Amino acid sequence: MNIVVLGPPGVGKGTYAKRLSEILKIPHISTGDMLREEIKKGSELGRKVKGYVERGELVPDEIMIEVIKERISQRDCEKGFILDGFPRTLKQAQALDSITKIDIALNFLAPKEVIIERLSGRRICKRCGAIYHIKNMPPKRPGVCDICGGPLYQREDDKPEVIERRLEVYKNTMKPVEDYYRDKGILITIDASAGVEEVVKSCLKVLKEKGLLSD
Ligand SMILES: [Zn+2]
């Protein structure tokens, strides 16, 4: 079962994809994580994409398509995969169709207020990268990492005024991708304003209804 997950920043699609990956036993392929990993390793690919990632720009389609092609041809993808962070453009969506068949695109949506609350409460450890939320997952001591004792900070990206802009940019750039999957009849909107387990449950329900998953 080949799944694509879509949704604005802060909607939590990475979290849902990870849970679904455990349940369905197919890999969660996060292109963001993959690229960061390559950059950290200093591989040829990593060196190629470093500048784009650091500037917050989209990596060119040709490079991304090669990366995906390579990744989904690996053995752990035999029974399918959950693609997160790709496609980001209509051209990528079309290119993806030329290398594999996507069964379903799960489009996670939540009201703007919910997303702003989720993102603006996020705090990250400067030392180890652990992620907290001042309301939903607070550290034991405010501003201090439970794991390593490092200082917590708020990403510039997670400030409310920046979030609004990010959401606007997302909406505009992803509209053609959503339309593309809608026209193919495989775009499913999932209400992501509920808790993680509930959201995951609605995904499984949809997969069953679509005949992609047996009971
Ligand atoms: Zn830490």
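Starting afresh in each chain, residues are numbered from 1 along the sequence in its written order. Given that this is a predicted model, residues contribute local features only at a pLDDT of at least 70 and side-chain atom pairs are listed and counted only at 80 or more, while totals for whole chains, interfaces and linings are drawn from all residues.

Of the residues in the chain, 100% reach a pLDDT of 70 or more, and the chain-wide mean stands at 93. Confidence scores labelled pLDDT are given residue by residue by the predictor and lie between 0 and 100. Only runs of H or I of at least four residues qualify as helices and only runs of E of at least two qualify as strands under DSSP, and these elements are numbered from the N terminus. Of all secondary-structure elements in the chain, the lowest mean pLDDT belongs to helix α3 (residues 44-55), at 88, while strand β1 (residues 2-6) reaches the highest, 98.

The next subject is the pairing of strand β4 (residues 104-109). With respect to burial, β4 is a largely interior element, 5 of its 6 residues being buried. One requirement defines pairing of two strands: DSSP has to find at least two bridges between them. Pairing of β1 with β4, which is carried by 4 bridges, proceeds in the parallel orientation. Across the sheet, the residue bridging to Leu6 is Asn107, located in β4. Where β4 meets strand β8 (residues 187-191), 5 bridges bridge the pair, whose relative direction is parallel. To sort residues by exposure, count the other C-beta atoms lying within 10 Å of each residue's C-beta; 20 or more gives buried, 12 or fewer gives exposed, and values between give partly exposed, all with C-beta atoms placed from the backbone.

With that out of the way, let us pick up the sheet that holds strand β6 (residues 131-133). Sheet architecture is open: 3 strands sit in the order β6-β5-β7, paired in antiparallel fashion. Of all strands in the sheet, those bounded by a partner on one side alone are β6 and β7 (152-153). Bridge analysis of strand β5 (residues 122-125) against β6 gives 3 bridges, and the strand direction is antiparallel. Considered in β6, the bridge of Ile124 is made with Ile131.

Note that Val114 resides in helix α6 (residues 112-120). For Val114, a count of 16 C-beta atoms within 10 Å puts it in the partly exposed group. In this structure the C-alpha to C-alpha distance between Val114 and Val49, which are 65 residues apart in sequence, comes to 32 Å.

Our next topic: the environment of Arg47. Along the chain, Arg47 turns up in helix α3. Residue Arg47 is classed as exposed on the basis of its 12 C-beta neighbours within 10 Å. Remark: the alpha-carbon pair of Arg47 and Leu35, spanning 12 residues in sequence, is separated by 9.9 Å.

So, on to the sheet that holds β4. In space, the 5 strands of this open sheet follow the order β2-β3-β1-β4-β8, with parallel pairing throughout. Only two strands of the sheet have a single neighbouring strand rather than two, namely β2 (28-30) and β8. Taken over all neighbouring pairs, the strand axes of this sheet differ in orientation by 25° on average, direction set aside. Sitting on the sheet, helix α1 (residues 13-24) touches β1, β2, β3 (81-84) and β4, and the angle it makes with β3 is about 170°. Lines fitted to the C-alpha atoms define the axes, with helices restricted to the stretch that makes contact. Angles between their N-to-C directions range from 0 to 180 degrees. Note on contacts: each residue gets a C-beta atom placed from the backbone, and two residues are in contact if those atoms are within 7 Å.

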